[in-house]
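Observations on the model geometry
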Protein chains: 2
Amino acid sequence: MRETESAAEARPYHHGDLRRALIDAARRILETKGPAALSLRAVAREAGVSPAAPYHHFKDKGELLDAVADEGWRILNEAMKAAGENAPSPRAAMPSLGVAYVCFAREHPALYRVMYKRSRDKEALPEHLHEGEDSAYCRTRDTLIAAGADPSDPVGLELATIAAWCAAHGLAEIGGFQQFAHLKEALGGEEAFFRGVFEHMGVFARGLND
Amino acid sequence: MRETESAAEARPYHHGDLRRALIDAARRILETKGPAALSLRAVAREAGVSPAAPYHHFKDKGELLDAVADEGWRILNEAMKAAGENAPSPRAAMPSLGVAYVCFAREHPALYRVMYKRSRDKEALPEHLHEGEDSAYCRTRDTLIAAGADPSDPVGLELATIAAWCAAHGLAEIGGFQQFAHLKEALGGEEAFFRGVFEHMGVFARGLND
DNA sequence: AACTGAATCTGGACGCCGTAAAGATACATC
DNA sequence: GATGTATCTTTACGGCGTCCAGATTCAGTT
């Protein structure tokens, strides 16, 4: 019955690529209003579509969040790839990877929260994190080898990679707390603070081991 | 109008200590049904009280969660205190602290999630974590000193303490993922896996530093 | 070009949620 | 015993995730 779709509104009944539009709308909401405002209805509203429309593209809200999270992991992957390749030396690659990880999390805090919320709900990281040379996990492992880890001890190598991941994730979640504002100021910025924590991971590790 | 409160039900109109009962009910729900089921209404239901009753004891849902989280931090504090005091030597105290931290998180995953969800929402850890000799943060710092950290470098000491906290929190959140089930099996249990990750934090740290 | 079936979107409904306001009930103090 | 205050209930509102029936459009056949 919409006879005069002459005006600029011109929303056709079929959207074209609503799935894509929904993911974009979700990311827009995440960045502007934060994770608490990310309701399925709000996403549909933002995309200019009825509250039930998303159900033709996602089984439920969780599946939409999975799609959003997946983009987050992809972006993180690329940030770490760039950090690893741009490192001045293989030696310097490891801290660069860590800082890139934490900076991604601090630059996209809402997205990062969605990524880990979904992972915790499923009690598993996305599979593709561990697959392929370019995956963040494998890059971390290979960088550890390049930095001197023993490649002939697969279990130890995996444990060290997990340790690195734990340190980065922990710092990503904790680094934003107000309690550490004075340190960021004293060290001259957030990134310097992150680097400082990573550098002092050795003090902690020595306290653990010998 | 309740003329015959003879029966065993006998719920008086005034509860007595509803605040306490609500916190307990919340923790019961957390342990049995998980964080997703923790609605204010469900808590009120579990405590046998109307949906609006909690508002006489907590400003909103967040304040109730804060109270629950606070109990969590207290329990964690005690677990770490016990771990620190029962350590066979000052040297062994550090890994014991870490394992105690992670084990607490894995034994009370829902509670742990509430604790950090509230902290992230407020972008700050609870203040009392940093106050007093018995606080978890100070205990970690002092244990680091006992394990050989330089006490005359306050910034470095703080960074190392944060590093330790990051490692523990990261492992607490990541350690439950299915991807690592094979490692737990290979190493003979979850606690051994945790210990293994902590021990290999040094490999990661060496990769970072020299 | 008209018909048909499948894909997509709307509108409305259900039960749950957090929260607020107004009224009922019990306690405390005088 | 009366009165004020703290506590609890009832009712209500808007928002949420999700389902269902119907409207609309698209794609393929003839």
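This one's a predicted model, so the numbers in the text were calculated from it and none came from an experiment.

**Considerations on the pattern of salt bridges**
Pairs may arise between side chains of opposite charge once their charged atoms sit close together. The tally for this structure, following the rule as stated, stands at 38 salt bridges over all chains. The partner of Arg113 of chain A in a salt bridge is Asp121 of chain B, and the shortest N-O contact between them spans 3.1 Å. Linking Arg113 of chain A in helix 5 (residues 109–122) with Asp121 of chain B in helix 5 (residues 109–122), this pair reaches from one chain into another. Arg113 of chain A gets classed as partly exposed once you look at its relative accessible area, which sits at 21%. For Asp121 of chain B, a relative accessible area of 39% puts it in the partly exposed group. Via salt bridges that share partners, Asp66, Lys117, Arg118, Asp121 and Lys122 of chain A together with Arg113 of chain B belong to a single interconnected network.

**Re the interface of chain B and chain A**
Contact residues are listed per partner, giving 58 residues for chain B and 58 residues for chain A. Between chain B and chain A, roughly 5,200 Å² of surface is buried when both sides are summed, and carbon and sulfur atoms account for 70% of that area. Linking chain B with chain A are four salt bridges, by the criterion used here. Here chain B is connected to chain A by 12 residue pairs in polar contact (both at pLDDT 80 or more). With 16 residues, the single largest contributor to the side of chain B that touches chain A is helix 7 (residues 154–174) of chain B. Residue composition of the side of chain B that touches chain A, grouped by class: 32 nonpolar, 14 polar and 12 charged.

**Side note on the relation of the copies chain B and chain A**
Each copy of the chain is related to the other by a rotation around an axis and a translation along that axis. Least-squares fitting of chain B to chain A yields an RMSD of 0.1 Å, with the superposition described by an axial translation of 0.0 Å and a rotation of 180°. In short, the pair behaves as if placed about a two-fold rotation axis. Counting the interface residues of chain B, we find that 100% of their copies in chain A are interface residues as well, pointing to one common contact surface.

**Describing the domain arrangement of chain A**
Residues and elements named next belong to chain A. When cut into domains, chain A gives domain 1 (13–58) and domain 2 (66–209). Computed over C-alpha atoms only, the centres of domain 1 and domain 2 are separated by 30 Å. Listed as interface residues are 11 residues of domain 1 and, on the opposing side, nine residues of domain 2. For the pairing of domain 1 and domain 2, the buried interface totals around 720 Å² over both sides, and the portion due to carbon and sulfur atoms is 72%. When the buried area of domain 1 at its contact with domain 2 is split by residue, Arg27, Leu30 and Pro35 rank highest and sum to 60% of it. Viewed at the interface, domain 2 and domain 1 are joined by two salt bridges. With a closest N to O distance of 2.7 Å, Arg20 and Glu71 form a salt bridge. Counting across the interface, domain 1 meets domain 2 through two residue pairs in polar contact (both at pLDDT 80 or more). In the side of domain 1 that touches domain 2, the residues fall into six nonpolar, one polar and four charged.

**Comments concerning the side chain of Thr143 of chain B**
By the secondary structure assignment, Thr143 of chain B is in helix 6 (residues 136–146). Those residues in contact with Thr143 of chain B, other than ones at most four positions away along the chain, are Ala93, Met94 and Leu97 of chain B.

**A short note on unusual backbone geometry**
Even without a glycine there, the phi angle at Glu123 of chain A is positive, about 55°. Tracing the backbone through its elements, the reader meets Glu123 of chain A in the loop between helix 5 and helix 6 (136–146).

Here is what the cut-offs are and how they apply
- Residues numbered from 1 in each chain as written.
- Chains lettered and ligands numbered in written order.
- Predicted model: local features only at pLDDT ≥ 70, side-chain atom pairs only at ≥ 80, totals over all residues.
- Heavy atoms only, no water.
- Salt bridge = Lys/Arg side-chain N within 4 Å of Asp/Glu carboxyl O.
- Helix = DSSP H or I, 4+ residues; strand = E, 2+ residues; numbered from the N terminus.
- Buried < 20%, exposed > 50% of the residue type's maximum accessible area, 1.4 Å probe, protein only.
- Contact = heavy atoms within 4.5 Å.
- Buried area = accessible area lost by both parts, 1.4 Å probe.
- Polar contact = N/O pair within 3.5 Å; in protein donor to acceptor, adjacent residues only side chain to side chain.
- Nonpolar A, V, L, I, M, F, W, Y, C, P; charged D, E, K, R; others polar.
- Least-squares fit on C-alpha atoms with pLDDT ≥ 70 in both.
- Domains from an automatic or database assignment.

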